[in-house]
Amino acid sequence: MRRPLAGKIAVVAGATRGAGRGIACALGEAGATVYCTGRSTRQGRAAGATPRPSSPFALADRPETIEETAERVTAAGGTGIAVRVDHTDEDAVRALFTRVRSDYGRLDVLVNDIWGGDELSEWGAPFWELSPAKGRLMLERAVYTHLVTARYGAPLMVEQKSGLIVEVTDGKDDAYRGNLHYHLVKTAAIQLARGMAEELRPHGVAALAVTPGFLRSEAMLEHFGVTEANWRDGATRDPHFIASETPLYVGRGIAALAVDLRVHEKSGRVFGSWDLADEYGIRDADGSRPHWGRYYKKHVRNGEDT
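Numbers given for residues are sequential positions, taken from 1 along each chain in its written order. Reporting of local features is limited, given that this is a predicted model, to residues whose pLDDT is at least 70; pairs of side-chain atoms are given and counted only at 80 or more, and all residues count toward the totals for whole chains, interfaces and linings. Water and hydrogen atoms were dropped before computing side-chain values, which therefore reflect all heavy atoms in the structure.

Caption draft 1: Region of the structure containing the packing of aromatic side chains. Each pair of aromatic rings taken from Phe, Tyr and Trp, with Trp reduced to its six-membered ring, is defined by centres within 6.5 Å and is described as stacked if the planes are under 30 degrees apart, edge-to-face if over 60, and tilted in the remaining cases. For the structure on display, the rule yields ten aromatic pairs. Between Phe127 and Trp128, the aromatic rings sit 5.1 Å apart at their centres with planes inclined by 85 degrees, giving edge-to-face as the arrangement. Across this residue pair, the class does not change: Phe127 and Trp128 are exposed. Of the aromatic side chains, those joined through ring pairs into one cluster are Phe214, Phe224, Trp231, Phe241, Trp292, Tyr295 and Tyr296. Only Lys NZ and Arg CZ are tested; either one counts as a charge over a ring when it is within 6 Å of the ring centre and within 35 degrees of the ring normal. Over the ring of Tyr152 we find Arg151, and its NZ or CZ is 4.3 Å from the ring centre. Per-residue accessibility, obtained with a 1.4 Å probe over protein chains only, is compared with the maximum for each type, and a residue is labelled buried under 20%, exposed over 50%, and partly exposed between these values.

Structure, rendered in structure tokens:
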């Protein structure tokens, strides 16, 4: 099998589960060496996780670990390296990239998928009733972490005059996302990509944002009481679930971006997994090609729940 990213070094920050795990595995499929970072390890789950009061997708006692992700990366054809990193800890982030420099002397792809906001999300309440403390912590976990991780990863790329930084977000535009704190951090990821693109462009480094569609993550499967084998049954609870995609789908799109010699032309922009699938001929794990952008426009934005 062709491995176009063989010899390339990637860091997927926030690779424990969900999109981060799928992205790490897709980079592994393409042959990359992938540092898989996160807080949940086989020695213990993410520190600071709290039982969720309002989100069905909070961390709670989820079983996924960075070690398991790294093993999946290796099984897919790459080399997975698990490194426990709390990305709110600047010293830990600095140490991560010091290790990457020592191990390989280069960095080709950095994916910022750090989140940690599910247990902080308070859906169904106006912003004046939201907890300021939870909002501040969400900003730290989902914006500051991206800033500090890019700050220590970018110099390796600037030195080699090549590389790609990907900000993973939710949604392509500025449309309101239903909760002020959530809206703020997810649109901030897009603005981070745009700003970094401007400063990195003279150095030959690209930065852009990517969003999955309706993500069929581990937590989402659990929420709907299904597995990947019978996931379509979840559409009985939410008809939109029929248009969902696995985390590998957006990962394969990012892997294709990492191979694209003209990726600099995309710097500063935001792409959906479906956009990348159309452009690069990508298919999901089951061979399908979900298109959340088209589905959303027809069935959700226009209120046509079919």
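Caption draft 2: Looking closely at the pairing of strand β4 (residues 109-112). Going residue by residue along β4, you find Val109 and Val111 tucked away on one face and Leu110 and Asn112 tucked away on the opposite face as well. Here a strand pair is declared whenever DSSP counts at least two bridges between the two strands. Each helix is a run of H or I in the DSSP string that is no shorter than four residues. Each strand is a run of E no shorter than two, and both are numbered from the N terminus. Bridge count for strand β1 (residues 9-13) against β4 is four bridges, and the pairing is parallel. Across the sheet, residue Val11 finds its bridge partner in β4, namely Leu110. Relative to strand β5 (residues 164-168), β4 runs parallel, the two sharing four bridges. Bridging across to β5, Val109 finds its partner in Leu164.

Caption draft 3: The pattern of salt bridges, seen in detail. Should a side-chain nitrogen of Lys or Arg be within 4 Å of a carboxyl oxygen of Asp or Glu, the pair is scored as a salt bridge. Counted according to the given criterion, the structure contains 21 salt bridges. A salt bridge links Glu29 to Arg252, with the nearest nitrogen and oxygen atoms 2.8 Å apart. Of this pair, Glu29 sits in helix α1 (residues 18-29) while Arg252 sits in helix α7 (residues 247-259); the two residues are 223 residues apart in sequence, bridging distant segments of the chain. Residue classification places Glu29 among the buried residues on the basis of a relative accessible area of 19%. In this structure, the salt-bridge partner of Glu159 is Arg101, at a minimum N-O distance of 2.9 Å. With Glu159 in helix α4 (residues 132-160) and Arg101 in helix α3 (residues 90-104), this residue pair connects regions lying 58 residues apart in the sequence. Accessibility expressed as a relative area gives 36% for Arg101, which makes it partly exposed. One network of salt bridges, with partners in common, ties together Arg17, Arg62, Glu64 and Glu222.

Caption draft 4: Seen up close, unusual backbone geometry. Here Lys161, not a glycine, exhibits a phi torsion of approximately 60 degrees, which is positive. Note on placement: Lys161 falls in the loop between α4 and β5. The exposed category is assigned to Lys161, whose relative accessible area is 58%.

Caption draft 5: Representation of the confidence of the model for the protein chain. The predictor attaches a confidence to each residue, and that confidence, scored 0 to 100, is pLDDT. Across the protein chain, the average pLDDT comes to 93, with 93% of residues at 70 or higher. For the stretch residues 48-54, pLDDT sits under 50, and the model shows 13 contacts to residues farther than four places along the chain or on other chains. Residue contacts follow a heavy-atom distance rule, with two residues in contact if any of their heavy atoms lie within 4.5 Å.

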